[in-house]
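Observations on chain architecture
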Number of protein chains: 2
Amino acid sequence: SIKSLGNALFFPDKAMPCKSITVPNFVCRRGTACEYAHAQTNLTFFLDCLNSAEFSLDVCIFQLTCNEIAEAVTNAVKRGVRVRIITDANNVDSNGSDIRRLNELGSPNKGFHYNHKMGIQIRCDERVGSQECRTKPHMHHKFCIIDCGQSKKDYTSNTKLMNGSFNWTRQAVLENQDNVMVLEGSVNFPMINAYQQSFNMMWSKYERF
Amino acid sequence: SIKSLGNALFFPDKAMPCKSITVPNFVCRRGTACEYAHAQTNLTFFLDCLNSAEFSLDVCIFQLTCNEIAEAVTNAVKRGVRVRIITDANNVDSNGSDIRRLNELGSPNKGFHYNHKMGIQIRCDERVGSQECRTKPHMHHKFCIIDCGQSKKDYTSNTKLMNGSFNWTRQAVLENQDNVMVLEGSVNFPMINAYQQSFNMMWSKYERF
Ligand SMILES: [Zn+2]
Ligand SMILES: [Zn+2]
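The numbers attached to residues start from 1 for each chain and follow its sequence in the written order. In the order they appear in the text, chains get letters beginning with A and ligands get numbers beginning with 1. Reporting of local features is limited, given that this is a predicted model, to residues whose pLDDT is at least 70; pairs of side-chain atoms are given and counted only at 80 or more, and all residues count toward the totals for whole chains, interfaces and linings. Only hydrogens and water are removed before side-chain values are computed, so all heavy atoms of the structure are retained for them.

1. Describing the overall build of chain A
- To qualify as a helix, a DSSP run of H or I must reach at least 4 residues; to qualify as a strand, a run of E must reach at least 2; elements of each kind are numbered from the N terminus. Scanning chain A for helices and strands turns up seven helices and eight strands.
- For chain A, buried positions account for 55% of its 209 residues.
- Contacts: residue pairs with any heavy atoms within 4.5 Å of one another. Taking as baseline every contact in chain A between residues at least 6 positions apart, the subset at least 24 positions apart corresponds to 72%.
- Here chain A displays about 9800 Å² of accessible surface, and carbon together with sulfur accounts for 45% of that area. Type-normalised accessible area, obtained with a 1.4 Å probe on protein chains alone, sets the label of each residue: buried when under 20%, exposed when over 50%, and partly exposed for intermediate values. Every accessible area reported is derived by Shrake-Rupley at a probe size of 1.4 Å, with residue values counting cover from the shown protein chains alone.

This is how it looks when you write it as structure tokens:
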């Protein structure tokens, strides 16, 4: 039931990708003067995985501040993928956090989620802004599970699990030594199953953000 | 060439293990009054993996402050395992860090490493105590590779790779939501190979601590 043992990504990248790599039909007119990457990078591989999501994306992430990644998550919501994010309460309002902006996508006030079957929901390990959220332990995972579950009939071989030390931040992309494992397999692959069960347990315990 | 797809460990544990679990022949006399764990925990599984090391242990760890883990590393050195650790310069002197104590094991002044074929060596991503080490990017990995390489003849099927969000700290054991994947396979397993190559590249670039 294993499709592939997957890939390992090792950050940092030398540069963020040029839009000519990440945006369809975008033409870069800067040529060799463009300081962004014009070939695949670890980040573009990572974004391609997020972009491959067809029906579900379950994310467990300590820090989410990288706008390129937040945009890929937004695009997943827009094409009807059910997105669920668990994050650390203490990082919701940290510098550059994309959590509140992503959460707005799922707000009834925006009417956004009425246009999209699944929408986005975000939950936290503690109440945001509470005293305990500054002193209590962290939701420190950095993993996501793509297209796992029973939402698509007979969908059994294209689940992806991404896991490692890589927080979804610009510093992790461009500066840190950081890694992500990408495992691909069936929803029945025990390793993927274990992470999905761990996600589900946290999801049922944590509160809506 | 894959022995097993391995296990996933999800912290926190409810308690640190009692010595009756981790120390051979230790008898706990406290019975039900003992506040430590008397059965296997995520940490005891993790320590068992370190204890299984026969000839090499390559560690890439952002934070190392958990004394139980540092003791397992020390025991590996004592039984002749070649231990190499890469860590983040900014964490060498952080609260409770075990790095300086482990580094002493490999010091010529101690005469320790003369009794043991391989000993222990530690390297950092920056110069410890330097200005840049406080502001520069992090060596943020949390992985280790056990028994990989050509040191034992025909040793091809018992390499382990442990990787995830889990720093080697007491907070990660007892408080955080954190995970470790344990993959077992041959040294030729591409995923294990990728992490070994990444380790080797950092090792050759970084300086002795
Ligand atoms: Zn360009
Ligand atoms: Zn006891």
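And the narrative resumes.
2. Focus on helix H2 (residues 42-51) of chain B
Residue and element names in this part refer to chain B.
- Within H2, seven of the 10 residues are buried, which leaves the element mostly enclosed by the surrounding structure.
- Asn42, Leu43, Thr44, Phe46, Leu47, Cys49 and Leu50 are the residues of H2 that are buried.
- Polar contacts, as counted here, are pairs of nitrogen or oxygen atoms within 3.5 Å of one another; within protein the pair requires one atom able to donate a hydrogen and one able to accept it, and residues that are adjacent in sequence qualify only if both atoms are side-chain atoms. Looking at where H2 begins, the residue whose side-chain oxygen comes 3.3 Å from the main-chain nitrogen of Leu43 is Thr41.

3. Re the coordination of the zinc ion (ligand 1)
All names here are of chain A.
- Donor selection uses N, O and S atoms within 2.8 Å of the metal (3.2 Å for Na, K and Ca). Since no water is included, sites may look incomplete. Binding of the zinc ion (ligand 1) to the protein goes through Cys18 (SG), Cys28 (SG), Cys34 (SG) and His38 (NE2), at separations of 2.0 to 2.3 Å.
- Taken together, the four donor atoms coordinating the zinc ion (ligand 1) and their angles of 95 to 116 degrees define a geometry best described as tetrahedral.
- Mapped onto the sequence, the donors of the zinc ion (ligand 1) take the spacing C-x9-C-x5-C-x3-H. Of the two residues, Cys18 sits in the loop between strand E1 (2-11) and helix H1 (19-22) while Cys34 sits in the loop between H1 and helix H2 (42-51), which places them 16 residues apart along the sequence.
- A relative accessible area of 11% places Cys34 in the buried class. The rule is simple: four donors are tetrahedral if all their angles sit between 85 and 135 degrees, four are square planar and six octahedral if opposite donors span more than 155 degrees and the others lie between 65 and 115, and anything that fits none of that is irregular.

4. Focus on unusual backbone geometry
Residues and elements named next belong to chain A.
- In the segment running from Phe11 into Pro12, the intervening peptide bond is cis, with an omega of 15 degrees.
- Along the chain, Pro12 turns up in the loop between E1 and H1.
- The phi angle at Asn25 is positive, at roughly 70 degrees, despite the residue not being glycine.
- Tracing the backbone through its elements, the reader meets Asn25 in the loop between H1 and H2.

5. With respect to the packing of aromatic side chains
Residue and element names in this part refer to chain B.
- Aromatic rings from Phe, Tyr and Trp, with only the six-membered ring used for Trp, were paired whenever their centres fell within 6.5 Å, and each pair was classed as stacked if the ring planes differed by under 30 degrees, edge-to-face if by over 60, and tilted otherwise. Within the structure shown, the criterion is met by 12 aromatic pairs over all chains.
- For the pair Phe46 and Trp168, a centre-to-centre distance of 5.4 Å together with 85 degrees between the ring planes defines the contact as edge-to-face. With Phe46 in helix H2 and Trp168 in the loop between strand E6 (159-164) and helix H6 (170-174), this pair connects stretches of sequence that are 122 residues apart.
- A relative accessible area of 2% places Trp168 in the buried class.

6. Observations regarding the environment of Ile145 of chain B
All names here are of chain B.
- Following the sequence through the fold, Ile145 ends up in strand E5 (residues 142-146).
- When its relative accessible area of 1% is taken as the criterion, Ile145 is described as buried.
- When the C-alpha positions of Ile145 and Val182 are compared, they lie 9.8 Å apart, and in sequence the two are 37 residues distant.
- Once residues lying within four places of it in the same chain are set aside, the contact partners of Ile145 are Ser56, Leu57, Asp58, Thr159, Lys160, Leu161, Ile192, Tyr195, Gln196 and Phe199.

7. Notes on the relation of the copies chain A and chain B
- Superposition of the copies used a least-squares fit over C-alpha atoms from residues whose pLDDT is at least 70 in both. Of the transformation placing chain A onto chain B, the axial shift is 0.0 Å and the rotation is 180 degrees, giving an RMSD of 0.0 Å. Put plainly, the chains are arranged around a two-fold axis. For chain A, the residue whose C-alpha comes nearest the rotation axis is Gly164 of chain A, separated from it by 2.2 Å.
- Residue by residue, 100% of the interface of chain A is reproduced at the interface of chain B, so both copies engage with the same surface.

8. Re the coordination of the zinc ion (ligand 2)
Residue and element names in this part refer to chain B.
- Surrounding the zinc ion (ligand 2) are the protein donor atoms Cys18 (SG), Cys28 (SG), Cys34 (SG) and His38 (NE2), at 2.0 to 2.3 Å.
- The coordination sphere of the zinc ion (ligand 2) comprises four donor atoms, whose angles at the metal cover 96 to 118 degrees; the geometry is tetrahedral.
- The sequence motif formed by the donor residues of the zinc ion (ligand 2) is C-x9-C-x5-C-x3-H. Cys34 matches Cys28 in its accessibility class, with the two residues each being buried.

9. Looking at the pattern of salt bridges
- A pairing counts as a salt bridge when a side-chain nitrogen of Lys or Arg comes within 4 Å of a carboxyl oxygen of Asp or Glu. If you walk through the whole model with that rule in mind, you get nine salt bridges over all chains.
- A salt bridge links Arg84 of chain B to Asp58 of chain B, with the shortest nitrogen-to-oxygen separation between them at 2.8 Å. With Arg84 of chain B in strand E3 (residues 82-87) and Asp58 of chain B in strand E2 (residues 56-61), this pair connects stretches of sequence that are 26 residues apart.
- Under the relative-accessibility criterion, Arg84 of chain B is labelled buried at 13%.
- A salt bridge links Asp93 of chain B to Arg100 of chain B; the nearest nitrogen and oxygen atoms lie 2.5 Å apart.
- Several salt bridges share partner residues, and in doing so they unite Asp58, Arg82 and Arg84 of chain A into one network.

10. A word on the side chain of Asn179 of chain B
- Following the sequence through the fold, Asn179 of chain B ends up in strand E7 (residues 178-185).
- Of the residues examined, Asn179 of chain B reaches a relative accessible area of 0% and is grouped as buried.
- Separated by 2.8 Å, the side chains of Asn179 of chain B and Tyr195 of chain A make a polar contact.
- Among residues more than four places away in sequence, those in contact with Asn179 of chain B are His141, Phe143, Asn163 and Tyr195 of chain A together with Leu9, Phe10, Asn163, Gly164, Ser165 and Phe166 of chain B.

11. A few points about the interface of chain A and chain B
- Each side of the interface is counted separately: chain A has 36 residues, and chain B has 36 residues.
- At the boundary of chain A with chain B, total buried surface from both sides reaches about 2700 Å², with 64% on carbon and sulfur atoms.
- At the junction of chain A with chain B, the criterion picks out zero salt bridges.
- Of all the secondary-structure elements, those providing two or more residues to the side of chain A that touches chain B are E1, strand E5 (142-146), strand E6 (159-164), strand E7 (178-185) and helix H7 (190-205) of chain A.
- In terms of residue class, the side of chain A that touches chain B is built from 18 nonpolar, 14 polar and four charged. What gets called buried area is simply the loss in accessible area from a 1.4 Å probe that two parts show on being joined, summed for both. Note that Gly is not counted as nonpolar here; it falls among the polar residues with everything else outside the nonpolar set of Ala, Val, Leu, Ile, Met, Phe, Trp, Tyr, Cys and Pro and the charged set of Asp, Glu, Lys and Arg.

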